[in-house]
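# Geometric and topological summary
So the chains spell out like this:
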Amino acid sequence: MGVCWGPVVRVLVLQAAWALGGGQVRYSVPEEAKAGTVVGRLAQDLGLEAGEPEARRLRLVAQGRRASVEVSGASGALVVSSRLDREELCGKSAPCTLRLEVLVERPLRVFHVELEVTDINDNAPLFPAARKNLSLSENSPPGSRFPLEGASDADVGANAQLSYTLSPSEHFGLEVKSKDGNKILVVLVLRRLLDRETMAEHRLVLSASDGGRPSLTGTMELVISVLDANDNAPQFNQSVYKVQLPESAAPGTVFFQLTATDKDEGINREIYYSFSDTVSGNVQDLFIIDRRSGEIRTDGDLDFEDVQSYDLEIEARDKGWPPLSGHCSVLVEVLDVNDNAPEVWVTSLSVPVPEDAAVGTVVALLSVSDRDSGANGRVRCAVWPAAPFGLVATFAGSYSLVLREALDRERVSEYEVEVRAEDGGAPALRASRGVRVPVSDVNDNAPAFAQAVYTVLARENNAAGAELARLWARDPDEAGNGRVSYSVAEGVGGGAVAGGGWRAASSYVSVDAESGRLWALQPLDYEEVQVLQFEVRAVDAGEPPLCGNATVQLFVVDENDNAPALLPPAPAGGGPGVGAAGSAASGPGSGSGSGALWAWAAWGAPAGQVVAKIRAVDADSGYNAWLRYELWEPRGKGPFRVGLYSGEVSTARALEEADGPRQRLVIVVRDHGEPARSATATLSVSLVEGAEAALAAAGSSSSGAGLRPAAGAEGGAAAAAATNVWLVVAICAVSSLFLLAVVLYGASRWAPRAAVLSGPGPATLVCASEVGSWSYSQRQSRSLCVAEGAGKSDLMVFSPNFPPPPGPAAKETQPEAPALVDTNLRRERCPPQWELV
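Here the structure is a predicted model, which is why all the values come from computation and not from measurement.

Topologically, alanine 357 is positioned in the loop between strand S25 (353–354) and strand S26 (362–369). Judged by its relative accessible area of 16%, alanine 357 is buried. Measuring from C-alpha to C-alpha, the distance between alanine 357 and aspartate 408 comes to 9.9 Å, with 51 residues separating the pair along the chain.

The following block contains the structure:
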């Protein structure tokens, strides 16, 4: 360093002068003066003359340590010989004075010289170490003080006066205090809390500056390591995590992994995971969290329809002391899976539905729901069958089952309606709900008979109260609406009686109101009335009541209750005649009546000559009125015979004298009824000569009779005349019926068979057999038959109108009503002789 030595030397000279004046020489030299620097004019100050120092050997006497100065021999000046270091020479002592002894010989004298080495600022402050390591706990409170070892300065005085500064820090400050007036205490003060996680190490520079000019500075690095304290709780990088998990996730499925961080270190940063205490036990039964890894997995079955989301409060706790914890929420959103089929509920049902309900009538209210959501929960509904009901959406999830078409209980009395629901999931799930809709009856159907016209055959002489037929009307309504009561229509129908009168049908028959049984009020007499035609009315119990009608044609079937009656002799010109003098037998079985008749026959009359004719009539009809004649006496091979059906008495062979003058013939007239009834006539034939026979015949002609009755026979002539009229009427009726049969036969032969099959109904055959019984057939072809070997006097054919046969439904619900009711008749099949196709 540059030092201005002029002023210094002058000061030293003055001091030396002052010292000489006091008997001692004092010099002052700054340390670190260069070698050769003149400290003082020692010889001159000692009063030596020029040349004398060398001569007298002026020199310094060493006293055990290097003085770093010497005396110049020529000039006698005190000069610096080597480096002067005040700190080395004196250390911290001040002032630093070197006591020198100067010897002069000739004479020997000793002089004491004091050399003061003055301090210059050549030493910077020096800390004990260039770096000091400190360890502070991060939880040290602000204001904590940490003493530091100060710096030292080898200089003295102002050059050794140190001041300290600390590099800028927001956490630390420096406090310098003087202790005992000389010692300075340097303290590091904590201004703010430390955070190891923010800055684990602080590096500061402590500077010490002395008071020299220029000032020198020494530094020391402070390395402050912040020791970890469990002051940081574990932290998640999010406070809320959102996770989506399908509800179909199987138990054990790992769906999320949590990671929490702890800025602490060591054991303070070891973390374990758990559910917070706020998580219910039910939720903890569904989820499991791994304490170490933080994996969250399912442990139960999820159901979106029960819970759509779960809020899992997770706690992460470290192992420090005291343990600190961090929290987060895992919001688990359960995703819907189409695992629920739609549900259909009937909330209201108005049944039964009247069959006359208007279109649009609400039958039921339905609620349709699907616990799924979104497309999985969107439900489409339909009704099956599509008619007669339909669905109308009222609002979300609600439907009305309404009537779309008119109902008919008689056609369908109850509907099983199925409401079908299908969601929009993939695959779609379906559900259905059955709704039973009964239809209540309304009286909209009138009773209907199976036939518009019923033909009933009833034998005469039936007992009063006898059942003639059963009528049945079907009313498809139910209960009271279908309960039918029957009655004979008043004032409608009846029958013509013998003698030209008319009687109402209600005087002959009645019908049971409940069963429809047609029964006779009195015995019927064919001879009185042959046909009754009347209406039967069927009325239901509905409101208002409805009714239906059917026409009943009651044919009285003749019984063989009349025996044949013999007619009086025929009038003149009428051919051989027979007079009846007896009466027919009556009652069942064979009876006999006797009538005495006379006739004449000539001897030698050839075989086959008609002698007489027996005439009789039967009030019955048909077989019962078909008469046959039998020769009862004499039996065997007599001269006479009787025509079986003509009643003519003729010769069986030529008459001979051996036959006697008179022949008595007993002739039985028998009908074909069962049992047969009969009448007998006794004919007396007188055998005369041819001339007598001619006279007898002429007499008979003039008297008006071919045969003369016996005495008392004239009393029955009037009755026989009336009977003869009826016989003519019967013959005309039989002829008309025969002509009708021929016409029907011809029409059926030329008409196509399809026309017959599509006619009103099956034909009815009533035919006469040889034994007089009735036969009945419902064949589709009409037949007329006559027993072999027998001529017919009557033939009756009835073809009533029949409706088409009922369908299967009708067959199941009602008995088939007979088209032709034949009461108390024995039915026999007769061999057909002619068939109308």
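We are not done yet, so read on.
It is worth spelling out the state of the cysteines at this point. If you walk through the whole model with that rule in mind, you get one disulfide. Shown here is the disulfide that connects cysteine 90 with cysteine 96, its sulfur atoms set 1.5 Å apart. Given an S-S torsion of about 70°, the disulfide between cysteine 90 and cysteine 96 has right-handed geometry. Each member of the pair cysteine 90 and cysteine 96 is classed as buried.

We now examine unusual backbone geometry. Residues alanine 426 and proline 427 are joined by a peptide bond in cis, for which omega reads 0°. Tracing the backbone shows proline 427 in the loop between strand S30 (414–423) and strand S31 (430–440). Here glutamate 543 and proline 544 are connected by a cis peptide whose omega angle stands at -5°. Structurally, proline 544 is set in the loop between strand S40 (531–540) and strand S41 (547–557).

Where nonpolar side chains cluster on the molecular surface, the patch consists of Val346, Leu349 and Val351 and spans about 190 Å² of accessible area. Along the chain, the position of valine 346 falls in strand S24 (residues 343–349).

With antiparallel pairing, the four strands of this open sheet are ordered in space as S24-S26-S29-S28. A strand with exactly one partner marks an edge of an open sheet, and here the two such strands are S24 and strand S28 (389–395). Put simply, the sheet's adjacent strands are angled 30° from each other on average, direction ignored. Two strands pair when backbone bridges link them, and S24 and S26 are joined in this way by six bridges, in the antiparallel orientation. Bridged to valine 346 within S26 is leucine 366.

The four strands lie next to each other as S8-S14-S13-S10, forming an open sheet whose pairing is mixed. A single partner strand is all that each edge strand has here, and the edge strands are strand S8 (131–137) and strand S10 (163–166). Strand-to-strand, the axes of this sheet are offset by a mean angle of 25°, without reference to chain direction. Pairing analysis gives four bridges linking S10 to strand S13 (residues 201–209), with the strands arranged antiparallel. Among the inter-strand pairings, tyrosine 164 is bridged to a residue of S13, identified as alanine 208.

All right, on to the environment of glutamine 609 then. Relative to the elements of secondary structure, glutamine 609 occurs in the loop between strand S43 (596–602) and strand S44 (610–613). Glutamine 609 has contacts with Val649, Ser650 and Thr651, leaving out every residue within four places of it along the chain.

Here the focus is the pairing of strand S14 (residues 217–227). Put simply, side chains in a regular strand alternate between the two faces of the sheet. By the bridge criterion, seven bridges tie S8 to S14 in an arrangement that is parallel. Bridge pairing links asparagine 133 to valine 223 in S14.

Moving on, we get to the packing of aromatic side chains. Counted by the stated rule, this structure contains eleven aromatic pairs. Ring geometry for phenylalanine 287 versus tyrosine 310: centroids 5.3 Å apart, planes at 70°, classification edge-to-face. Taken as a pair, phenylalanine 287 in strand S20 (residues 287–289) and tyrosine 310 in strand S22 (residues 309–318) lie far apart in primary sequence, 23 residues in all. Centroid distance tryptophan 626 to tyrosine 645: 5.3 Å. Interplanar angle 15°. Geometry classified as stacked.

Our next topic: the pattern of salt bridges. Scanning all chains against the criterion turns up 33 salt bridges. Connected through salt bridges with shared partners, the residues Glu32, Arg83, Asp85 and Glu88 form a single ionic network.

Here the focus is the side chain of asparagine 340. Secondary-structure assignment places asparagine 340 in the loop between strand S23 (325–335) and S24. On the accessibility criterion, asparagine 340 (14% relative accessible area) is buried. Within the structure, the side chain of asparagine 340 is placed 2.7 Å from the side chain of glutamate 305, a separation counted as a polar contact. Within the structure, the side chain of asparagine 340 is placed 3.0 Å from the side chain of aspartate 372, a separation counted as a polar contact. Not counting the four nearest positions on each side in its chain, asparagine 340 is found in contact with Glu305, Asp370, Arg371, Asp372, Asp423 and Leu429.

We now examine the pairing of S43. Burial along S43 is one-sided: the face carrying Leu597, Ala599 and Ala601 is buried and the face carrying Ala596, Trp598, Trp600 and Ala602 is not. Relative to strand S50 (residues 678–688), S43 runs parallel, the two sharing seven bridges. Following the sheet pairing, alanine 602 is matched in S50 by valine 688.

Calculation notes
- Along each chain, residue indices are assigned from 1 in the same order as the chain's sequence is written.
- Only residues with pLDDT of at least 70 get local features here, since the model is predicted, and only at 80 or more are side-chain atom pairs given and counted; chain-wide, interface and lining totals rely on the full set of residues.
- With hydrogens and water set aside, each side-chain value is computed from the structure's full complement of heavy atoms.
- Numbering goes from the N terminus for both helices and strands, where a helix is a DSSP run of H or I of at least four residues and a strand is a run of E of at least two.
- Type-normalised accessible area, obtained with a 1.4 Å probe on protein chains alone, sets the label of each residue: buried when under 20%, exposed when over 50%, and partly exposed for intermediate values.
- By definition, disulfides here are pairs of cysteine sulfur atoms that lie within 2.5 Å.
- Patches were defined on residues exceeding 30% relative accessible area and lacking a salt bridge, with like-charge contacts within 9 Å and nonpolar side-chain contacts (Val, Leu, Ile, Met, Phe, Trp, Tyr) within 5 Å.
- The protein chains shown are the only cover counted for residues, whose accessible areas, like all others here, come from Shrake-Rupley with a 1.4 Å probe.
- Just to be clear on terms, a salt bridge is a Lys or Arg side-chain nitrogen sitting within 4 Å of an Asp or Glu carboxyl oxygen.
- Whether two strands pair depends on DSSP finding at least two bridges between them.
- Axis definition: a line fit to C-alpha positions, over the contact stretch in the case of helices; interaxial angles, taken between N-to-C directions, run 0 to 180 degrees.
- Contacts are residue-level and defined by heavy atoms, with any inter-residue pair within 4.5 Å sufficient.
- Ring geometry is summarised as follows: Phe, Tyr and Trp rings, the Trp one being its six-membered ring, pair when their centres sit within 6.5 Å, and such pairs are stacked at plane angles under 30 degrees, edge-to-face over 60 and tilted between the two.
- We define a polar contact as two N or O atoms separated by no more than 3.5 Å, with the added condition that, inside protein, one atom must be a possible hydrogen donor and the other a possible acceptor, whereas residues neighbouring each other in sequence contribute only through side-chain atom pairs.

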